[in-house]
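Tertiary structure, described
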Amino acid sequence: TRYDSAKTIRADMADGERGASQMERFVCEELVPYIDAHYATQAAPEGRFIGGVSMGGLFALQIRLHPPALFGKIGAYSPALTKDDFGGAACDVWLNYDSPTPAADVRDYARTHGLAGLQIDLDCGAAGDPFAAGAASLAQALQARGVAVRFAQHGGGHTLQADRLAGYLLFYAGRE
């Protein structure tokens, strides 16, 4: 969060929605292009993954769920979601799409919104995680829209679970 001050984040959140941060712009417009230009990468979403814990989990979700589609997998561990309910049109609004998805279009949602093939590993604490309700609701909303989401609650609170680290890495390796 050092790229956006607390004052900037609060002002941005005044309408309840978090716009693109300096961090998001840096990752998408500078970091990824630099790495692709200087290293032998698979310069496609299938070869790039993004993940984080708490605010980093929120950034990972926002960076990939909004265009451009630079990453094929997201790991969001106890993401610091500012919403508790992503039901109905709330998910579409959070994703910044202009209009809510009619019920008949939900089956084709992932393809038409550039989310087909995306895989998400999302977890949160079962007790003491202030963002648990939002994580569960987001997982359910994205799954209903055809996005591949693996959701789990762990016994801890708002934290990365060290005993789940191997599972996190296997997700990125495609061996979960």
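What you are looking at is a predicted structure, and each value in this text was computed from that prediction instead of being measured.

Rules used throughout
Residues numbered from 1 in each chain as written. Predicted model: local features only at pLDDT ≥ 70, side-chain atom pairs only at ≥ 80, totals over all residues. Heavy atoms only, no water. Buried < 20%, exposed > 50% of the residue type's maximum accessible area, 1.4 Å probe, protein only. Helix = DSSP H or I, 4+ residues; strand = E, 2+ residues; numbered from the N terminus. Pairing = 2+ DSSP bridges. Right-handed = clockwise from strand over helix to strand, strands pointing away. Patch = residues over 30% accessible without salt bridge, like charges linked within 9 Å, V, L, I, M, F, W, Y side chains within 5 Å. Areas by Shrake-Rupley, 256 points an atom, 1.4 Å probe, with all protein chains shown as cover. Salt bridge = Lys/Arg side-chain N within 4 Å of Asp/Glu carboxyl O. Core = buried A, V, L, I, M, F, W, Y, C linked by side-chain atoms within 4.5 Å. Axes fitted to C-alpha atoms, helices over the stretch in contact; angles between N-to-C directions. Contact = heavy atoms within 4.5 Å.

1. Considering the pairing of strand β2 (residues 73-77)
Of all five residues making up β2, five are buried, and the element is well covered by its neighbours. Burial along β2 is two-sided: Lys 73, Gly 75 and Tyr 77 and Ile 74 and Ala 76, pointing in opposite directions, are all buried. Bridge analysis of strand β1 (residues 49-53) against β2 gives five bridges, and the strand direction is parallel. Bridging from a neighbouring strand, Ile 50 pairs with Ile 74 of β2. One crossover worth recording links β1 to the parallel β2 by way of helix α3 (residues 55-65), and it is right-handed.

2. What about a nonpolar patch on the surface?
There is a patch of nonpolar side chains on the surface, built from Leu 31, Tyr 34, Ile 35 and Tyr 39 and spanning about 390 Å² of accessible area. Position of Ile 35 relative to the elements: it lies in helix α2 (residues 22-38).

3. Some words on the nonpolar core
Core analysis: the largest hydrophobic core is formed by 35 residues, its most contacted members being Leu 61, Leu 65, Ile 74, Trp 94 and Ile 120. Of all the secondary structure elements, the ones that give two or more residues to this core are α2, α3, β2, α4 (90-94), α5 (109-112), β3 (119-125) and α6 (132-144).

4. Some thoughts on the sheet that holds strand β4 (residues 148-154)
Sheet architecture is open: four strands sit in the order β1-β2-β3-β4, paired in parallel fashion. Where the open sheet ends on each side, the last strands, each with one partner, are β1 and β4. Recorded for the sheet is a direction-independent mean angle of 10° between the axes of neighbouring strands. Taken strand by strand, α3 contacts β1, β2 and β3, and its axis lies near 150° from that of β1. Packed on one face of the sheet, helix α7 (residues 165-173) meets β1, β2, β3 and β4 and runs near 165° to β2.

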